[in-house]
Amino acid sequence: MADFGEILRHIGEFGLFQKLLLFALSSPNLFYPFSFASLLFVQSDPNRHCNTDWIRRASPNLSIDEQLNLTVPREKGRFSKCLMFVPVDRDIDTIREYGLNETTTCQNGWVYEKTLYEATIVTDFDLVCDKANLLEVSQTVLMAGILVGSLLFGPLSESFGRKRATQIPIVLAFIFLITSALGPNFYLYLASQFIVGVGGGGFRVNCVVLATEWIGVTKRSLGSCVGQIFGALGQCILAGLIYFIRDWRVAQWVSASPMAVIVIYIWFIPESARWLLDRGRTEEAKQLILKAAAINKTIVPDSLLTKIDKKKTVEKGGIRVLIRSPVLRKYFFTITLAWFSLNLSYYCLLFNMGNFGLDIFLTQLMFGLTEIPADILCIWLLEALGRKLSLMSTVLMSGLFSVLILAVPRDNAVAITSLATVSRLFLIWAGNICNVYVQELFPTSVRQTASGLGAVAMRIGGLLAPLLNILAIYHWATPTIVFSSLLLVSGVLTFLLPETRRTELPDSTDEAEGRSLTPASVSRTPASPDSLFSSSSLLL
């Protein structure tokens, strides 16, 4: 049976076929950040007062000021946001003379004063006062959906292929992104956001694997980093989108429009030939290999086709392989802890960006703009320093800058935002490295299972982030202390992982355990960092 690395060296490690595939799989990441728009761009405690129009039955010509003075109690010199006087069946003169004393919670909703946005889920669904924590619940539900998507579609692709496990999530995300914009109540919105999360989580965990399995060893880091670059561009576009469209429902519709194109073309992406060979479906794999060679304008030697025709013993995969092998088990738990810590920290900072003190649109734009160079530099870093040293240094640096936030006065918004932005830059850097690393540590038979379960741990981190941020009510530093400590521990533990730079993707458990893992015999001169940048620019 031919080694797939040898096949890629003959058909082209990063030719037109791989570039088109990578572009097709990376483009949805441009719109993925939009699914967070309704959760990020909100005023969690907008200026408001209870709707007390009941008093206008007694006197229709009351001014707004007099209506509020008669029907809303004051708290610390301001009208209460959550209380009103109990309605009474009296004439207006009696109310003016004797006043009202008994208070209650708002009975007929709220009247919102001028806010930064025209409409948000907070104002549309009245997520204020005793329902204020439902905003964090909605964030948690979306993250729970991403977790379920990773858990469901990760292992599913081992049985049904990378192609189907990439296509179905995109369709789900598109349909329910529209449904969430139409939701008449908060609970339908929550259900829709959960399915959007399922689709997003399922797509992201599979698109990287599908792209990586078609790309040769010298350009493999592009399989992860280019998708992240598209995601960073999406964050910049998101800041502009919400700046000009301040109604969350309209923004959802605008976000869903370009995804309609993706839903159509995603059905034409190819299956992973490496997966087909691993499953013993050699004829289908050979047809795809010949198609890729034709697009890349290369010729597949007859001797190589003969090797492909030889049947390979199908190696069973699944979670049992990960648990049974002590080496793979060590790799899995180490990379999983790093992924969990990174995502917990990332979303703690992301969901808290409105509290940094700077303009939220500027903060969002800064987050996106700083991510772009981080993703581009990551391509060079992976080749220059290797996977192990790159991951260790970026995780530790993100933890260090997170700790430094605790040393800055809370009223210094510029310093806090700057440290959070730099920490987030290293978090993104480390996340990209994890995406590449996990593909190279595990054999084909369990690669997607390891990626899927690792993504589950990662999404658990994101799921816990809103809950961890709630602990700030007890002490503002608690969330930062927790996630920065996890980052420092994870950074130290990455020392246990092997270096996998410029090694072929392992096809068997023996290779993954290191008994047969040798540097790839590349027939061409290994790509320099400059050539990697030029290849990346072609995709942008």
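Structure: above.
The residue count restarts for each chain, going from 1 along the sequence in the order it is written. The predicted origin of the model limits local features to residues at a pLDDT of at least 70 and limits the giving and counting of side-chain atom pairs to 80 or more, whereas totals for whole chains, interfaces and linings rest on all residues. Calculated side-chain values reflect all of the structure's heavy atoms, with hydrogen atoms and water omitted.

Visitor: Residue-level account of the side chain of Q67, with values.
Guide: Within the element layout of this structure, Q67 appears in helix α5 (residues 64-71). With relative accessibility at 4%, the residue Q67 sits in the buried group. In this structure, Q67 is in contact with T52, D53, I55, R56 and L62, ignoring residues within four places of it in sequence. A run of H or I in DSSP counts as a helix once it spans at least four residues, and a run of E counts as a strand once it spans at least two, with each numbered from the N terminus. Throughout this description, buried means an accessible area under 20% of the type-specific maximum (1.4 Å probe, protein chains only), exposed means over 50%, and partly exposed covers the range between. Contacts are assigned to residue pairs that have any heavy atoms within 4.5 Å of one another.

Visitor: For the state of the cysteines, give the residues involved together with the corresponding values.
Guide: Pairs of cysteine sulfur atoms within 2.5 Å are identified as disulfides in what follows. Per the counting criterion, the structure on display carries two disulfides. The partner cysteine of C82 in its disulfide is C129, sulfur to sulfur 2.0 Å. For the disulfide bridge between C82 and C129, the dihedral angle about the S-S bond is near -95 degrees, and by the sign convention the bridge is left-handed. Of this pair, C82 sits in the loop between β3 (78-79) and β4 (83-85) while C129 sits in the loop between α7 (121-124) and α8 (134-160), and the two are 47 residues apart along the sequence. Each bonded cysteine of the protein gets a number by its place in the sequence, and the pairs then read 1-3, 2-4. This cysteine, C236, is not joined by any disulfide, and C225 carries the nearest cysteine sulfur, 17 Å off.

Visitor: Give me the nonpolar core: which residues, what numbers.
Guide: Among the nonpolar cores identified, the biggest contains 148 residues, and I11, I121, W214, I242, L391 and F442 are the most heavily contacted of them. In this structure, I242 is in contact with A37, F41, Y117, A251 and F361, ignoring residues within four places of it in sequence. Only buried Ala, Val, Leu, Ile, Met, Phe, Trp, Tyr and Cys residues count toward a nonpolar core, and they belong to the same one when joined by side-chain atoms within 4.5 Å.

Visitor: Explain helix α19 (residues 387-405) to me, using residue names and the numbers behind them.
Guide: Here α19 is 19 residues long and its end C-alpha atoms lie 28 Å apart, about the 27 Å a rise of 1.5 Å per residue gives. R387, S390, L391, M392, T394, V395, S398, G399, F401, S402 and I405 are the residues of α19 that are buried. Helix span, expected: 1.5 Å multiplied by one less than the number of residues in the helix.

Visitor: So what's going on with the packing of aromatic side chains? Which residues, and what values?
Guide: Each pair of aromatic rings taken from Phe, Tyr and Trp, with Trp reduced to its six-membered ring, is defined by centres within 6.5 Å and is described as stacked if the planes are under 30 degrees apart, edge-to-face if over 60, and tilted in the remaining cases. Scanning all chains against the criterion turns up 14 aromatic pairs. Measuring from ring centre to ring centre gives 5.4 Å for Y189 and W248, while their planes differ by 80 degrees; the resulting arrangement is edge-to-face. Remark: W248 occurs in helix α12 (residues 248-265) and Y189 occurs in helix α10 (residues 186-214); sequence separation between them is 59 residues. For Y189, a relative accessible area of 0% puts it in the buried group. With a centroid separation of 5.7 Å and 25 degrees between ring planes, the pair formed by F426 and W429 is classed as stacked. Taken together, the residues F426 and W429, both in helix α20 (residues 413-441) and three residues apart, mark about one turn of the helix. For the pair shown, F426 and W429 are each scored as buried.

Visitor: Outline the packing of helix α9 (residues 162-182) against α12, supporting the account with residue identities and numerical values.
Guide: Closest axis-to-axis distance for the α9/α12 pair is 9 Å, and the angle between their directions is 160 degrees. With respect to α12, the axis of α9 lies roughly antiparallel. In this structure, α9 meets α12 at a crossing whose hand is left-handed. Here α9 contributes I170, V171, A173, F174, L177, I178, S180, A181 and L182 to the contact with α12, which in turn contributes W248, R249, Q252, W253, S255, A256, M259, A260, I262 and V263. Convention adopted: a line fitted to C-alpha atoms gives each axis, helices being fitted over their contacting stretch, and angles between N-to-C directions are expressed from 0 to 180 degrees. Working definition: roughly parallel below 35 degrees, roughly antiparallel above 145 degrees, roughly perpendicular at 65 to 115 degrees, and oblique for all remaining angles. By convention the crossing between two helices is left-handed if the near helix lies anticlockwise of the far one by an angle smaller than a right angle, and right-handed if it lies clockwise.

Visitor: I'd love a proper account of the packing of helix α17 (residues 326-351) against helix α22 (residues 478-493), names of residues and values included.
Guide: At a minimum axis distance of 9 Å, the contact between α17 and α22 shows a crossing angle of 150 degrees. In terms of orientation, α17 lies roughly antiparallel with respect to α22. The chirality of how α17 crosses α22 is left-handed. Here T334, L337, A338, F340, S341, L342, L344, S345, C348 and L349 of α17 come into contact with α22, specifically with F483, L486, L487, S490 and L493. Ten residues, namely Ala, Val, Leu, Ile, Met, Phe, Trp, Tyr, Cys and Pro, are considered nonpolar, four, namely Asp, Glu, Lys and Arg, are considered charged, and the remaining ones, Gly among them, are considered polar. Class assignment for the residues of the contact of α17 with α22 results in 11 nonpolar, four polar and no charged.

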